[in-house]
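# An overview of the molecular structure
As a plain string of letters, each chain reads:
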Amino acid sequence: MSQPHEDDNSTRRLPVIEQSPDPAAPGSPGLDQSASAADYDAVPALAEGEGGKAGRFWSVRRVPAGLLALVVLATAGLFLYDIAAVRAHRPAMRWRVRLADWLAGHPVDDVAVLAGAGAVALLGVWLIVLAVTPGLRGILPMRRESAAVRAGLDRAAAALVLRDRAMEVAGIQSVRVRMGRSRVVVRALSHFRELDDVRADLDAALGAGIRELGLAGPPGLAVHVSRPARKG
């Protein structure tokens, strides 16, 4: 979901996804559930110069970089040693002789050659993706109030905070919160009260909770409320 530009008077408006009829109403064919995308006032972004842009955190990627460095170092060392040995009028390493003989007997369109080339190409693409993407998807950047400080919030911790806020709403039996970078999806079970009333209270409570998280890009909010399954 793309993030709209916000100013001091902006309000986040999301369309209603679904709203079933009141199951208690006569002749209602509803499924005893209620769902919506909630409206809430997003916190306005700070003006430029009041802390700067809060971009995503970049992963250090020590493990991939270290493994790649070791592989390159070992391969380069073997080739240099073999070339030096041949220059010194010593026989080449057996593995290089066998590799040269094997390649001489297999054309470029051989299945094994194509499979090896494909594996190397996939490895290269994977390394390029690691190099050009931020990573650290589990950390949500927070608004920057100072240019000298950058803060982030763990997605699991943010989901736990919103779950605790949702459990404070009357009528809620259990809640599951899926915290994404652009959207929060909440699924709740209510064992009493009208579902639409419970959903409205959840919209308000969770909207306030998202504002209080202080995220740089406040995510959208989708709330689904239903009855627990009947036993027997």
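Okay, so let's go over this structure. (Residues numbered from 1 in each chain as written. Predicted model: local features only at pLDDT ≥ 70, side-chain atom pairs only at ≥ 80, totals over all residues. Heavy atoms only, no water.)

Our next topic: the packing of helix 4 (residues 155-167) against helix 5 (residues 195-213). It is at 9 Å that the axes of helix 4 and helix 5 come closest, and there the two elements cross at 145°. For the pair helix 4 and helix 5, the sense of crossing is right-handed. Contacts from Ala 158, Val 161, Leu 162, Arg 165 and Ala 166 of helix 4 reach helix 5 at Leu 202, Ala 205, Leu 206, Ala 208, Gly 209, Ile 210, Glu 212 and Leu 213. (Axes fitted to C-alpha atoms, helices over the stretch in contact; angles between N-to-C directions. Helix = DSSP H or I, 4+ residues; strand = E, 2+ residues; numbered from the N terminus. Left-handed = near helix turned anticlockwise from the far one by under 90°. Contact = heavy atoms within 4.5 Å.)

Another point: the pairing of strand 4 (residues 172-179). One ladder, built from 7 bridges, connects strand 4 with strand 5 (residues 183-190); its direction is antiparallel. Note that in strand 5 the partner of Arg 176 across the bridge is Arg 187. Hairpin connection of strand 4 to strand 5: 3 residues between the antiparallel strands. (Pairing = 2+ DSSP bridges.)

Moving on, we come to the pairing of strand 5. With 7 bridges connecting them, strand 5 and strand 6 (residues 220-226) associate as parallel partners. Paired with Ala 188 across the two strands is Val 225, which belongs to strand 6. Tracing the backbone out of strand 5, into helix 5 and back to the parallel element strand 6 gives a crossover that is right-handed. (Right-handed = clockwise from strand over helix to strand, strands pointing away.)

Time to look at the nonpolar core. In terms of nonpolar packing, the biggest core is built from 25 residues, with Leu 162, Met 179, Val 184, Leu 202 and Leu 206 touching the most fellow members. At the level of elements, helix 4, strand 4, strand 5, helix 5 and strand 6 are the ones that each hand at least two residues to this core. Counting residues per element, this core draws most heavily on helix 5, at 7 residues. Every residue in contact with Leu 162, bar those within four places of it in the chain, is listed here: Val 177, Met 179, Val 184, Leu 206, Gly 209, Ile 210 and Leu 213. (Core = buried A, V, L, I, M, F, W, Y, C linked by side-chain atoms within 4.5 Å. Buried < 20%, exposed > 50% of the residue type's maximum accessible area, 1.4 Å probe, protein only.)

Bringing the pattern of salt bridges into the picture now. Summed over the entire model, instances satisfying the criterion amount to 4 salt bridges. With its nearest N and O atoms 2.8 Å apart, the salt bridge here joins Glu 212 to Arg 165. Of this pair, Glu 212 sits in helix 5 while Arg 165 is found in helix 4, placing the two residues 47 residues apart along the sequence. The closest approach of N and O atoms between Asp 201 and Arg 193, which form a salt bridge, is 2.7 Å. (Salt bridge = Lys/Arg side-chain N within 4 Å of Asp/Glu carboxyl O.)

One can find Trp 102 in helix 2 (residues 94-104). Overall, Trp 102 belongs to the partly exposed group, its relative accessible area being 37%. Once residues lying within four places of it in the same chain are set aside, the contact partners of Trp 102 are Ala 112 and Val 113.

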